[in-house]
Amino acid sequence: LSFIAIILYRNYRQKIKTNKILDSQKVKIENLLLNILPAEVAEELQKNGVATPRFYKMASVLFTDFKGFTKLSENLTPQEVISELDVFFMTFDDIVEKYGLEKIKTIGDSYMCAGGIPTENDSHPLNIVKAGLEMQAFILKRNAERAERKLPEWNIRVGINTGQLVAGVVGKKKYAYDIWGSTVNVASRMESNGEPGRVNISASTYELVKDKYACTHRGKIFAKNIGEIDMYFVEKEIDQ
């Protein structure tokens, strides 16, 4: 009886140990998913094995891109390039989280985020403009620090557009939450047609923020399958 009791006790202890290891691994997997997917998308993926693509009638998309990045990187070591990008993108991550936006991805030296997804809300146009302005403010501060060390400036263009899009998870080996639609393409055009140090927004975003931000009309650009689109520089917040 004593021998059996010892075996049962050892099995019990081993079971507790195994459960602790499994719980620890589960937490690590969940945290990893939350680093690459929105919380509700990660939960759906764990529960059902798939995440259903969703259509959003209204969302805002922001793109950033560094001016002359190729030329800048030619004079730096790979480690220096990654280190500097890491500083910028980690700060952008904090800004995106601050304003309740969703980071989508980085593509080389470009950063992409969106508002109004995966949880729909009405505040995303204002929040994403605030985020864009804060990103530019950080770049200005960072360049002042670099100037003191006789280092070249890193400047970004910021483009924003608001409209309908589709969001979902693609891939089966390396999950990626992504967004598609003409709204995304126009946001990219807003960035590429912007200027360093400025936040360039489309007419659709302008109509949603014009009561809160003074903006300067810049003219029109042509977008494939859409036609001509008005562009505006965001100047400053309007005193209420």
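Refer to the structure printed above.
All values reported here derive from a predicted model rather than from experimental measurement.

Trainee: Is there a simple way to think about the overall build of the protein chain in this case?
Mentor: Helix and strand counts for the protein chain come out as 7 helices and 8 strands. Relative to a compact globule of 240 residues, whose C-alpha radius of gyration would be 18 Å, the protein chain shows 23 Å and is clearly more extended. Principal-axis analysis of the C-alpha atoms gives the protein chain an extent of 90 × 45 × 40 Å. Restricting the contact set of the protein chain to residue pairs at least 6 apart, pairs at least 24 apart contribute 67%. If you sum the accessible surface of the protein chain, you get close to 14500 Å²; carbon and sulfur atoms cover 53% of it. Here the protein chain contributes 33 positively and 31 negatively charged side chains, and the mean placements of these two sets differ by 7 Å.

Trainee: Hey, could you run me through the pattern of salt bridges in this one?
Mentor: Here the idea is simple: oppositely charged side chains can pair when their charged atoms come close. Across all of its chains, the model carries 12 salt bridges by this definition. In this structure, R157 and E191 form a salt bridge, with 3.0 Å as the shortest nitrogen-oxygen distance. Of this pair, R157 sits in strand 4 (residues 156-170) while E191 sits in helix 6 (residues 182-192), and the two are 34 residues apart along the sequence. On the basis of relative accessible area, R157 is assigned to the buried category, the value being 16%.

Trainee: Whenever I open this one, the nonpolar core confuses me. Can you help?
Mentor: Across soluble globular proteins, you tend to see nonpolar side chains buried next to one another. Grouped together as the largest cluster of nonpolar side chains are 32 residues, with contacts concentrated most on F66, F92, V129, M135, I160 and I201. In terms of residues, this core owes the most to one element, helix 4 (residues 78-98), which gives 7 residues. When sequence neighbours within four positions are dropped, the list of residues in contact with F66 reads L85, F88, F89, D109, I139, W154, N155 and I156.

Trainee: Looking at this structure, I do not really get the environment of A51. What am I missing?
Mentor: Looking at where A51 falls in the secondary structure, it is placed in the loop between helix 2 (39-48) and strand 1 (54-66). By relative accessible area, which is 15% here, A51 ends up buried. For A51, the residues in contact, after removing those within four places along its chain, are V41, E44, L45 and V169.

Trainee: Would you take a moment to explain the environment of Y111 for this structure?
Mentor: Note that Y111 resides in strand 3 (residues 110-115). Along the primary structure Y111 and V158 are separated by 47 residues, whereas in three dimensions their C-alpha atoms are 9.4 Å apart. Aside from chain neighbours lying at most four places away, what touches Y111 is L62, F63, T64, F89, F92, D93, V96, K103, K105, T106 and M135. A distance of 2.7 Å separates the side chain of Y111 from the side chain of D93, its partner in a polar contact.

Rules used in this analysis
Residues numbered from 1 in each chain as written. Predicted model: local features only at pLDDT ≥ 70, side-chain atom pairs only at ≥ 80, totals over all residues. Heavy atoms only, no water. Helix = DSSP H or I, 4+ residues; strand = E, 2+ residues; numbered from the N terminus. Rg over C-alpha atoms; globule rule 2.2 N^0.38 Å. Contact = heavy atoms within 4.5 Å. Areas by Shrake-Rupley, 256 points an atom, 1.4 Å probe, with all protein chains shown as cover. Lys, Arg positive; Asp, Glu negative; His and termini not counted. Charge placed at Lys NZ, Arg CZ, Asp CG, Glu CD. Salt bridge = Lys/Arg side-chain N within 4 Å of Asp/Glu carboxyl O. Buried < 20%, exposed > 50% of the residue type's maximum accessible area, 1.4 Å probe, protein only. Core = buried A, V, L, I, M, F, W, Y, C linked by side-chain atoms within 4.5 Å. Polar contact = N/O pair within 3.5 Å; in protein donor to acceptor, adjacent residues only side chain to side chain.

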